[in-house]
Amino acid sequence: QVQLVESGGGLVQAGGSLRLSCAASGGTFSSYAMGWFRQAPGKEREFVAGLSRTGGSTYYGDSVKGRFTISRDNAKNTVSLQMNSLKPEDTAVYFCAARRPYTGAAVITTPVRYDYWGQGTQVTVSS
């Protein structure tokens, strides 16, 4: 069983930056593909960014391309999301997710295909 704990959320003004971190324990972190999702009130969970277990492949949601960067440190069992040029519409609870090994190299963007989830961290961007 993998446990994921997010941190780094908070309140920031539009145009500012935040860095989210997700610490993993209880499994072989380097074997898992990782992703970040977000969910705003009244909306479905949205894919933000994902990367392969090696970090060699990354993929971003259209709304965050060019502003957010996902990275992982397999030595520290962490995955991070650097968020720049934040907008009010980025306001949401951000979740870290892990996917057990699978066949193929494509980054997974669908929430149901992830096996483990963190509790989430709130990001609020004021205008």
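What comes next concerns the included structure. This is a predicted model, so every value here is computed, not measured.

A few words now on the side chain of Ser31. One can find Ser31 in the loop between β3 (18-25) and β4 (33-39). A distance of 2.7 Å separates a polar side-chain atom of Ser31 from the backbone oxygen of Thr28. The contacts of Ser31, once residues within four sequence positions are left out, are Arg53, Arg99 and Pro101.

What you see with strand β11 (residues 121-126) is a clean split: Thr121, Val123 and Val125 sit on the buried side and Gln122, Thr124 and Ser126 on the side with no burial. With four bridges joining them, strand β2 (residues 10-13) and β11 adopt parallel strand pairing. Looking across to β11, one finds that Leu11 is bridged to Thr124. Looking at chain direction, strand β9 (residues 92-99) and β11 are connected through three bridges and run antiparallel. Each bridged residue has a counterpart across the sheet, and for Ala92 the counterpart in β11 is Val123.

Turning next to the nonpolar core. Membership of the largest hydrophobic core comes to 30 residues, with the highest contact counts inside it found for Leu4, Met34, Trp36, Val79, Leu81, Met83 and Tyr94. The residues touching Leu4, leaving out its near neighbours within four places in the chain, are Cys22, Ala23, Ala24, Met34, Cys96, Ala97, Ala98, Tyr116, Trp117, Gly118 and Gln119. In this structure, Phe47, Ala97, Ile108 and Tyr114 belong to the second largest nonpolar core, which totals six residues.

What follows is about the packing of aromatic side chains. Taken as a whole and assessed by the stated rule, the structure comprises seven aromatic pairs. When the ring of Phe95 is compared with that of Trp117, the centres are 6.4 Å apart and the planes differ by 80°; the resulting orientation is edge-to-face. Here the residue Phe95 occupies a position in strand β9, and Trp117 occupies one in strand β10 (residues 116-117), the gap between them amounting to 22 residues. Ring pairs connect the aromatic residues Phe37, Phe47, Tyr59, Phe95, Tyr114 and Trp117, which therefore count as one cluster. Lying across the ring of Phe95, Arg45 places its NZ or CZ 3.8 Å from the centre. The ring of Trp117 carries the charged tip of Arg45 above its face, separated from the ring centre by 4.8 Å.

With that settled, consider empty space enclosed by the protein. Across all of its chains, the model carries one cavity of 30 Å³ or more by this definition. Quantified by volume, the largest cavity comes out at close to 40 Å³. Considering the residues around the largest cavity, the lining is formed by Val2, Leu4, Ala24, Ser25, Gly26, Gly27, Phe29, Tyr32, Met34, Asn77 and Ala98. For the lining of the largest cavity, a count of residues per class yields seven nonpolar, four polar and no charged.

About the thresholds
Residues numbered from 1 in each chain as written. Predicted model: local features only at pLDDT ≥ 70, side-chain atom pairs only at ≥ 80, totals over all residues. Heavy atoms only, no water. Helix = DSSP H or I, 4+ residues; strand = E, 2+ residues; numbered from the N terminus. Polar contact = N/O pair within 3.5 Å; in protein donor to acceptor, adjacent residues only side chain to side chain. Contact = heavy atoms within 4.5 Å. Buried < 20%, exposed > 50% of the residue type's maximum accessible area, 1.4 Å probe, protein only. Pairing = 2+ DSSP bridges. Core = buried A, V, L, I, M, F, W, Y, C linked by side-chain atoms within 4.5 Å. Phe/Tyr/Trp six-rings, centres within 6.5 Å; stacked < 30°, edge-to-face > 60°. Lys NZ or Arg CZ within 6 Å of the ring centre and 35° of its normal. 1 Å grid on protein atoms, 1.4 Å probe; cavity = no way out; pocket = protein on both sides within 12 Å on 5 of 7 lines; lining within 4 Å. Points joined across faces, edges and corners; volume = space filled by probe spheres on them. Nonpolar A, V, L, I, M, F, W, Y, C, P; charged D, E, K, R; others polar.

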